[in-house]
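Working through the structure, step by step
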Amino acid sequence: MTWREGLLLLIEVMGVVAVTLLLTLSPRFRHPPLVFRYPRREGGIGLMLFGLTLAGAFLYLHTTGTTPFPPLTAQINVMGMALLLYLGALVARGQPLRSAGWGRATLLPALQLGLGLVFITLFLRGQFSHLLRGISREQGQALLLSLLLAAGEESIFRGYLLPRWSAWLGSRAGLVVNGLAFALWRLPWVLAAPVATLGITLGIAFVQGLLLGWIMQKSDHVLAGALYRGFSDWLRTL
């Protein structure tokens, strides 16, 4: 990562924090907290599921020979298999979608917040003119894949895991553990990368995980963070 890219990322994070703080002042984001009857058990199940899916990601890498920084399709394959496990846990335990970050009450406010975060990200990265000129078919497909990957992984990490770890460990500790887990999720893909690149990639993933977790805590919905992350990751490829 160059100094310019690092500066753009810092400015983007500051802008996203400011917009989130402003928009979540609305009474529409005031909602009763999600309460788990047995938070320690829920947190432990979350740790177990994360361990299984992380091991599955390493196994996928070993069997397919995927190189570091793989195409989005490879990451989506791993995400899809992991998401099925988390959805299976929800169904088997009879838990509602709200406990995985997809509550109906906050859907519309979260959509508006997500669009606001997309707007500020486009503005801060100076990409409005690029979009007005149009994007190629390949870029459009990359955007759809980026949004799909973001929606799936955000449903896992911010939708399922974060509320359970926060209920078990407290909101701040749960947020940090969630960020660390999100960084570890990148590990199978970057182990073969140079040490300097490895540290930067994991560090960025940790900060991104903290930011997305905080957005989830403010909005109580996966959608806002998924929209922001999908567009932000895509813009970095242009």
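Below is a short write-up of the structure. (Residues numbered from 1 in each chain as written. Predicted model: local features only at pLDDT ≥ 70, side-chain atom pairs only at ≥ 80, totals over all residues. Heavy atoms only, no water.)

As for the overall build of the protein
Heads up, the rule is: Every helix listed is a DSSP run of H or I at least four residues long, and every strand listed is a run of E at least two residues long, numbered separately from the N terminus. In this setup the radius of gyration rests on C-alpha atoms only. A globule is expected at 2.2 Å times the number of residues raised to 0.38. Accessibility here uses a 1.4 Å probe with only protein chains present; expressed as a share of the type maximum, an area under 20% marks a residue as buried, one over 50% as exposed, and anything in between as partly exposed. Counted as positive: Lys and Arg. Counted as negative: Asp and Glu, with His and the chain ends omitted from the count. To locate a charge, the coordinates of NZ of Lys, CZ of Arg, CG of Asp or CD of Glu are taken.
For the protein, the helix and strand inventory stands at nine helices and zero strands. Sequence-ordered secondary structure for the protein, helices as α and strands as β, is α-α-α-α-α-α-α-α-α. Since a compact globule built from 238 residues should have a radius of gyration of about 18 Å, the 17 Å found for the protein is in line with a globular shape. Expressed as a percentage of its 238 residues, the buried residues of the protein come to 46%. If the 19 positive side-chain charges of the protein are averaged to one point and the 8 negative ones to another, these points end up 9 Å apart.

Here's the deal with the environment of Gly51
Note that Gly51 resides in helix H2 (residues 39-64). Overall, the relative accessible area of 35% leaves Gly51 in the partly exposed class. With 49 residues separating them in the primary sequence, Gly51 and Thr2 have C-alpha atoms 33 Å apart.

Points about the packing of helix H3 (residues 72-92) against helix H6 (residues 137-169)
The condition is simple: Note on definitions: angles span 0 to 180 degrees between N-to-C directions of axes, and those axes are lines fitted to C-alpha atoms, for helices only across the stretch in contact. We call a crossing left-handed when the near helix sits turned anticlockwise from the far one by less than a right angle, and right-handed when that turn is clockwise. In this analysis, two residues are considered to be in contact whenever any of their non-hydrogen atoms come within 4.5 Å of each other.
The geometry of H3 relative to H6 is characterised by a closest axis approach of 10 Å and an angle of 35° between their N-to-C directions. As H3 runs across H6, the sense of the crossing is left-handed. The residues of H6 that touch H3, namely those facing Leu72, Thr73, Gln75, Ile76, Met79, Ala82, Leu83, Tyr86, Ala89 and Leu90, are Ala142, Leu145, Ser146, Leu148, Leu149, Gly152, Glu153, Ser155, Ile156, Tyr160, Leu161 and Arg164.

Points about the nonpolar core
Here is the rule: The definition of a nonpolar core used throughout is a set of buried Ala, Val, Leu, Ile, Met, Phe, Trp, Tyr and Cys residues joined through side-chain atoms within 4.5 Å.
The biggest cluster of nonpolar side chains holds 26 residues, and the ones touching the most others in it are Phe50, Tyr86, Phe157, Tyr160, Leu161 and Trp185. Among the elements of the structure, H2, H3, H6, helix H7 (171-190) and helix H8 (195-219) are those that each provide at least two residues to this core. Excluding residues within four positions of it along the chain, Tyr86 makes contact with Leu49, Phe50, Thr53, Ile156, Tyr160 and Leu161.

A closer look at the pattern of salt bridges
Our working definition: Salt bridges, as used here, are contacts in which a Lys or Arg side-chain nitrogen is within 4 Å of a carboxyl oxygen on Asp or Glu.
Applying the stated criterion to the full structure yields ten salt bridges. Salt-bridge contacts for Arg229 lead to Asp233; the nearest nitrogen and oxygen are separated by 3.2 Å. Of this pair, Arg229 and Asp233 both sit in helix H9 (residues 222-235), separated by four residues, roughly a single helical turn. By relative accessible area, which is 21% here, Asp233 ends up partly exposed. For Asp233, the salt bridge identified is with Arg236, shortest N-O distance 2.6 Å. Exposure remark for Arg236: the relative accessible area of 38% places this residue in the partly exposed category. Linked by salt bridges that have partners in common, Glu153, Glu154, Arg158, Arg186, Arg229, Asp233 and Arg236 make up one network.

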